[in-house]
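Summary of structural features
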Amino acid sequence: MSSAQAAVASPGGTGPLLEVTDLAVEFRTPAGTVRAVDGLSYRVEAGRTLAIVGESGSGKSVSSLAVMGLLPDTARITRGTARLAGTDLLTLSRKEHRAYCGDRVAMVFQDALAALNPVHTVGYQLTEALRARQGLSRADARTRAVELLDLVKVPNAKARVKEYPHQFSGGMRQRVMIASALAMDPDVLIADEPTTALDVTVQAQVLRLLAEIQAERRMGLVLITHDLGVVAGVADDVTVMYAGRAVEQAPVEPLYRAPAHPYTRALLRSIPSASGTGRLPVIPGRPPSPAAMPAGCPFHPRCDAAQDVCRTDAPPLAHPAEGRTSACHFAADILTGADTGGHDE
Ligand SMILES: Nc1ncnc2c1ncn2[C@@H]1O[C@H](COP(=O)(O)OP(=O)(O)O)[C@@H](O)[C@H]1O
Ligand code: SF4
Ligand SMILES: [Mg+2]
């Protein structure tokens, strides 16, 4: 672990459950090798929620799939470790990964409909893994399925375990996915854009539910989202990703009050105010493709604070305040002047 990461240790935590250090993932493509994740580090502690935030294509899903042992064959992990209870998950075969992580780490994906099998009842799917691992009888599996649906507050759980995924609304399906991920009582849950497909009200309900369950079970939760707006009130710590890297890491409150990276500042400005409607188009341009990464700071073509040095020199990881990191040449200056640049709600 680098001293940079040590500095992001969270107050009140009990040591990391999952610690990812310097993870790099490449893909082989017809156009050559592209680096989707490039030196990502983070830690997740018991009873805490880490939000990983960044625009589409920043490497959020690829880094999680690497941790889960679910990368496609065209991907290669070129650096890094992902330690869970002392074991580096990145060194395990798929089979070893399943055996070791099956009841320790679980993941919820964005698209519940695609993840659920249309020909099996919800109850069957909820207990498939339990039956396989724990040899539960049919009756016990049914009882457990009802408990799990109750846990995620699906009304009338007893009747609903017998229904099929298409009989559930989008929000209820996502609850089923969460229940399924919780079936093995994992220490760490990685939720990858779990509410992106849902409308705003349902989104808030599902996030609240996740936060409740996380607190109750003292689970480590990794909440992946492209929307910094959903993070407040749910996350304890935030990792902001850009172009496969962590550009800012901080506890949620100081990050909101005074972001130490221009990208975080821009993401915060794009959150609609409570009274406003719609989003402000504050970040012009698009994130770079991993196949055509700009020289210097990867954010410089879109950065409103870029200077000459940014076009040539990659910024080192700075520590503009205790417990915070920012990959910006001007992190300390930004933090000093951030009272006017932060999100003022
Ligand atoms: N199967 C793949 N083949 C080639 N490149 C991929 C593949 N999946 C992802 N990538 C690359 O990795 C980058 C990060 O993807 P991803 O982790 O899915 O982003 P997100 O932050 O939206 O979850 C993408 O910009 C893309 O270029
Ligand atoms: S290093 Fe330069 S371009 Fe990059 S975020 Fe900081 S100011 Fe902007
Ligand atoms: Mg993704």
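See the structure shown above.
Before going into details, it helps to say that this report is about the structure given with it.

Thresholds applied
- Residues numbered from 1 in each chain as written.
- Chains lettered and ligands numbered in written order.
- Predicted model: local features only at pLDDT ≥ 70, side-chain atom pairs only at ≥ 80, totals over all residues.
- Heavy atoms only, no water.
- Helix = DSSP H or I, 4+ residues; strand = E, 2+ residues; numbered from the N terminus.
- Rg over C-alpha atoms; globule rule 2.2 N^0.38 Å.
- Buried < 20%, exposed > 50% of the residue type's maximum accessible area, 1.4 Å probe, protein only.
- Areas by Shrake-Rupley, 256 points an atom, 1.4 Å probe, with all protein chains shown as cover.
- Lys, Arg positive; Asp, Glu negative; His and termini not counted.
- Charge placed at Lys NZ, Arg CZ, Asp CG, Glu CD.
- Near = heavy atom within 4 Å.
- 1 Å grid on protein atoms, 1.4 Å probe; cavity = no way out; pocket = protein on both sides within 12 Å on 5 of 7 lines; lining within 4 Å.
- Sits in = over half its atoms within 2 Å of the grid points.
- Nonpolar A, V, L, I, M, F, W, Y, C, P; charged D, E, K, R; others polar.
- Axes fitted to C-alpha atoms, helices over the stretch in contact; angles between N-to-C directions.
- Parallel < 35°, antiparallel > 145°, perpendicular 65-115°, else oblique.
- Left-handed = near helix turned anticlockwise from the far one by under 90°.
- Contact = heavy atoms within 4.5 Å.
- Polar contact = N/O pair within 3.5 Å; in protein donor to acceptor, adjacent residues only side chain to side chain.
- Pairing = 2+ DSSP bridges.
- Core = buried A, V, L, I, M, F, W, Y, C linked by side-chain atoms within 4.5 Å.
- Right-handed = clockwise from strand over helix to strand, strands pointing away.

Looking at the overall build of the chain
Broken down by element type, the chain carries 13 helices and 11 strands. In terms of overall size, the chain behaves like a compact globule, its C-alpha atoms giving a radius of gyration of 20 Å where 345 residues would be expected to give roughly 20 Å. With the C-alpha coordinates of the chain rotated into their principal frame, the extents come out at 65 × 50 × 45 Å. The buried share of the chain, reckoned over its 345 residues, is 52%. Entry remark: accessible area of the chain is about 15,600 Å², with carbon and sulfur atoms responsible for 52%. With 35 positive and 36 negative side-chain charges, the chain shows a spacing of 6 Å between the two charge centroids.

Describing the site of ligand 2
For ligand 2, the set of nearby residues contains 13 residues, the closest of which are Cys 297, Cys 303, Cys 310, Cys 328 and His 329. A majority-of-atoms criterion places ligand 2 in the second largest cavity. Along the lines of polarity and charge, the residues of the shell around ligand 2 split into 10 nonpolar, 3 polar and no charged.

Thoughts on the packing of helix α5 (residues 122-134) against helix α6 (residues 138-151)
Closest axis-to-axis distance for the α5/α6 pair is 9 Å, and the angle between their directions is 110°. By the angle class used here, α5 and α6 are roughly perpendicular. When the axes of α5 and α6 are compared, the crossing they make is right-handed. Contacts from Val 122, Gly 123, Leu 126, Thr 127, Leu 130 and Arg 131 of α5 reach α6 at Ala 141, Arg 144, Ala 145, Leu 148 and Leu 149. Among the residues forming the contact of α5 with α6, the class breakdown is 7 nonpolar, 2 polar and 2 charged.

Describing the side chain of Asp 88
Structurally, Asp 88 can be placed in strand β5 (residues 87-88). Separated by 3.0 Å, the side chain of Asp 88 and the backbone nitrogen of Leu 90 make a polar contact. If sequence neighbours within four positions are ignored, Asp 88 has contacts with Gly 80, Thr 81, Ala 82 and Arg 83.

Things to note about unusual backbone geometry
Backbone geometry places Ala 85, a non-glycine residue, at a positive phi of 45°. Residue position: Ala 85 is located in the loop between β4 (75-84) and β5. Residue class for Ala 85 comes out exposed when judged on its relative accessible area of 60%. Backbone geometry places Asn 156, a non-glycine residue, at a positive phi of 60°. If you trace the backbone, Asn 156 turns up in the loop between α6 and α7 (157-160). Among the residues examined, Asn 156 registers a relative accessible area of 57% and is labelled exposed.

Brief notes about the sheet that holds strand β11 (residues 325-326)
Read across the open sheet, the 7 strands follow the order β6-β7-β8-β3-β9-β10-β11; overall the sheet is mixed. Because the sheet does not close on itself, it has two edges, and the strands there are β6 (105-108) and β11. In terms of strand pairing, strand β3 (residues 49-53) meets strand β8 (residues 220-225) through 5 bridges, oriented parallel. Counted as the bridge partner of Thr 49 is Leu 221 from β8. The strands touched by helix α2 (residues 60-68) are β3, β6, β7 (188-192), β8 and β9 (237-242); relative to β6, the strand with the most contacts, the crossing angle is about 145°. Along the sheet, helix α8 (residues 170-182) makes contact with β6 and β7, crossing β6 at roughly 170°.

Comments concerning the side chain of Thr 49
Following the sequence through the fold, Thr 49 ends up in strand β3. Judged by relative accessible area, Thr 49 falls into the buried class, the value being 1%. Among all residues touching Thr 49, those that are not within four sequence positions of it are Gln 214, Leu 221, Leu 223, Val 234, Ala 235, Asp 236 and Asp 237.

Quick look at the nonpolar core
Judged by nonpolar contacts, the single largest core of 64 residues is most densely connected at Leu 149, Val 152, Leu 189, Leu 228 and Val 231. The element contributing the most residues to this core is α8, with 7 residues. Membership of the second largest hydrophobic core comes to 34 residues, among which are Leu 23, Val 44, Leu 50 and Ile 224.

Remarks on the pairing of β8
Burial analysis of β8 places 6 of its 6 residues in the buried class, which makes it a mostly covered element. Each parallel crossover has a hand, and for β7 linked through helix α9 (residues 200-217) to β8 it is right-handed.

Examining the site of ligand 1
The local shell around ligand 1 consists of Phe 27, Thr 29, Ala 36, Glu 55, Ser 56, Gly 57, Ser 58, Gly 59, Lys 60, Ser 61, Val 62 and Pro 290. Gly 57 is positioned with one of its backbone polar atoms (N or O) 2.7 Å from an oxygen atom of ligand 1. Between Ser 61 and ligand 1, the recorded distance is 2.9 Å, taken from a side-chain N or O atom to an oxygen atom. A total of 560 Å² of accessible area belongs to ligand 1 in isolation, and the protein chains cover 68% of it. Listed by contribution, the elements that provide at least two residues to the shell around ligand 1 are β1 (16-29) and α2. With 3 residues, the single largest contributor to the shell around ligand 1 is α2. Among the residues forming the shell around ligand 1, the class breakdown is 4 nonpolar, 6 polar and 2 charged.

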